[in-house]
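The lines below spell out each chain.
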Amino acid sequence: MRPRPWGALRTLRLVIERLTTLIPPARVKTAAADLAFWGRDWTRGHRVAPSAVVFPETVGEVAGLTRLANESGFKLVPSGGRTGLSGGAVASDGEVVVSFDRMNRILGFNAADRVVRCEAGVVTQALHSFAAERGLCYPVDFASSGTSQIGGNVATNAGGIRVIRYGLTRDWIAGLTVVTGAGEVLELNRALVKNATGYDLRHLFVGSEGTLGFVVEADVRLTTPPPASRVLVLALAAMADALAVLTRFQGAVALSAFECFSELALAKVLVHRRLPRPFAETHGYYALLEFDAEGEEAALAAFQDALSAGQAADGVISRSDAQARSLWALREGITESIAPQTPYKNDLSVRVSAAPAFLDEVDRLVAKRYPDFEVCWFGHIGDGNLHLNILKPPQLTVAAFQERCAAINPALFEVVRAHGGSISAEHGVGLAKRDFLGYSRSEAEIAIMRAVKNALDPNGVMNPGKLLR
Ligand code: MLT
Ligand code: ZN
């Protein structure tokens, strides 16, 4: 099957004609507003120019579309909840967007295996509710869970706010059904716990950002719900104190979250959500800890010790679920609060032990290079993952602002490399970080990644330009 260049189809009309031999016309959209809506993710500044958006309803339709793309030479962009922050779901060059909005059924649940089979378009929150109705829990959670879809979570190996206890999406995927870039349907691992039969291709698709094929169905593990929890927000003088506090609390209680945010991040949320300030005074940084309620006494003792050691300046603890939710809002509201300022996002990680020195160096670099920009720090400090958001001043255009921010990437990513870190902890590479992959992966690794891509997507129809150039 040799690909013909896109031009061989000559007109968009022919593409649409071909698509509608597989997908009924009502499920093929080409109106400008639809292309603009489904052709992008939460990032801004990328060109958005798909040819069409299609809404398959079956695995067979996805496989048919993929084979058609190979025969006809058009490209495909997989599309889930489009909450990504790296441009991984942006269609910028006449691609056909394949939306999983209509493949959103939960197909089955096995109580003995505690495995639920989902189509790729199941929204994360729907899976949370499904699990809760059965007295179980799907513990991967993030602020975008009301919109993000399981297929996208798998494609980006989404992390979120409880990684410190429950790990990443990868840790909960028992099996996958995928359509490779060549149009083959593969059943990967069939939800087995043990399967020592060579390469586990399931894990190649987790985090592959739609570059190898489509995740069409997933077997997702559920678990026992966590015990009742408490949320404690601590006021800190410096971000580096968070690490000392983390070590102290890890020795005292079972943590299920350890998040951090700066005063600027808090101030944005308080204005955006019209919330009261949690402390009478302002402080440099805040840590949000969630832990099992049975550990409350030990946590309060650890808090007193942190106060005495000068590692924390103040604290507030939840006494009810409602209070826990309002404390969480201080952290979960950050992304939406800064969104109007078109932030330039960096999603950096280092080993937790390397975090203090790393932070110090990045802080100095940022203060020197961005003296006139607002710099908003927050993140999952318990995972060594920090979100460095630079906020656009109103007088700059998005393009000019992004250019200035990108100009310091080499210096910033050198610091990441020097500390053995990653230039993308959980947001993926997509378009935004593609040209910087070499700061986190060696040439040999990238060559192997290309070989894997060629093996599964020999004609390069899948999500072109993402992850690898
Ligand atoms: C978060 O931690 O809130 C997400 O990664 C989103 C973001 O970084 O804006
Ligand atoms: Zn995050």
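Everything discussed here concerns the structure shown above.
The sections below set out a description of the structure shown in this document. (Residues numbered from 1 in each chain as written. Chains lettered and ligands numbered in written order. Predicted model: local features only at pLDDT ≥ 70, side-chain atom pairs only at ≥ 80, totals over all residues. Heavy atoms only, no water.)

## Some details on the site of ligand 1
Contacts to ligand 1 come from Leu85, Arg331, Thr335, Lys345, Phe378, His380, His387, Glu426 and His427. Note that an oxygen atom of ligand 1 is positioned 2.7 Å from one of the side-chain N or O atoms of Arg331. His387 is positioned such that a nitrogen or oxygen atom in its side chain is 3.1 Å from an oxygen atom of ligand 1. In the complex, the protein chains occlude 86% of the 270 Å² of accessible area that ligand 1 would expose alone. (Near = heavy atom within 4 Å. Polar contact = N/O pair within 3.5 Å; in protein donor to acceptor, adjacent residues only side chain to side chain. Areas by Shrake-Rupley, 256 points an atom, 1.4 Å probe, with all protein chains shown as cover.)

## As for unusual backbone geometry
Peptide bonds are, in most cases, trans, and in most cases residues other than glycine have a negative phi. Here Arg114, not a glycine, exhibits a phi torsion of approximately 55 degrees, which is positive. Assignment of secondary structure puts Arg114 in the loop between β5 (106-110) and β6 (115-119). The phi dihedral of Asn157 falls on the positive side, at around 50 degrees, and the residue is not glycine. In this structure Asn157 comes out as buried when scored by relative accessible area, which is 12%. (Helix = DSSP H or I, 4+ residues; strand = E, 2+ residues; numbered from the N terminus. Buried < 20%, exposed > 50% of the residue type's maximum accessible area, 1.4 Å probe, protein only.)

## A word on the environment of Val98
Structurally, the position occupied by Val98 is in strand β4 (residues 96-99). Classification of Val98 by relative accessible area gives buried; the value is 0%. Here the alpha-carbon distance between Val98 and Leu234, two residues 136 residues apart in the chain, equals 44 Å. When neighbours within four sequence positions are excluded, Val98 is seen to be in contact with Val54, Pro56, Leu65, Leu76, Val77, Pro78, Ser79 and Phe214. (Contact = heavy atoms within 4.5 Å.)

## Topic: the side chain of Arg331
You can see Arg331 is positioned in helix α11 (residues 321-332). According to the relative accessible area criterion, Arg331 is buried, its value standing at 6%. Contacts of Arg331, omitting those with residues within four sequence positions, involve Glu259, Phe261, Leu288, Phe378, Gly379, His380 and His387.

## Describing the packing of aromatic side chains
Under the definition given, this model contains twelve aromatic pairs. When the ring of Phe279 is compared with that of Tyr286, the centres are 5.9 Å apart and the planes differ by 5 degrees; the resulting orientation is stacked. Tyr286 carries the same exposure label as Phe279, and that label is buried. Chaining the aromatic ring pairs together yields one cluster made of Phe37, Trp38 and Phe55. (Phe/Tyr/Trp six-rings, centres within 6.5 Å; stacked < 30°, edge-to-face > 60°.)

## Quick notes on the sheet that holds strand β15 (residues 374-380)
Taken together, seven strands build an open sheet; the order of strands is β13-β10-β12-β11-β15-β16-β14 and the sheet is antiparallel. Strands at the two margins of the open sheet, each flanked by one partner only, are β13 (314-317) and β14 (344-349). Across this sheet, the average inter-strand angle for adjacent strands is 15 degrees, counted without regard to direction. The sheet contact formed by β15 and strand β16 (residues 385-391) spans seven bridges and is antiparallel. The partner of Glu374 across the bridge, within β16, is Leu391. Contacting β11 (255-262), β12 (285-292), β15 and β16, helix α9 (residues 263-273) runs over the sheet at an angle of about 90 degrees to β11. Relative to β14, helix α15 (residues 409-418) is tilted by about 15 degrees, and along the sheet it contacts β14 and β16. (Pairing = 2+ DSSP bridges. Axes fitted to C-alpha atoms, helices over the stretch in contact; angles between N-to-C directions.)

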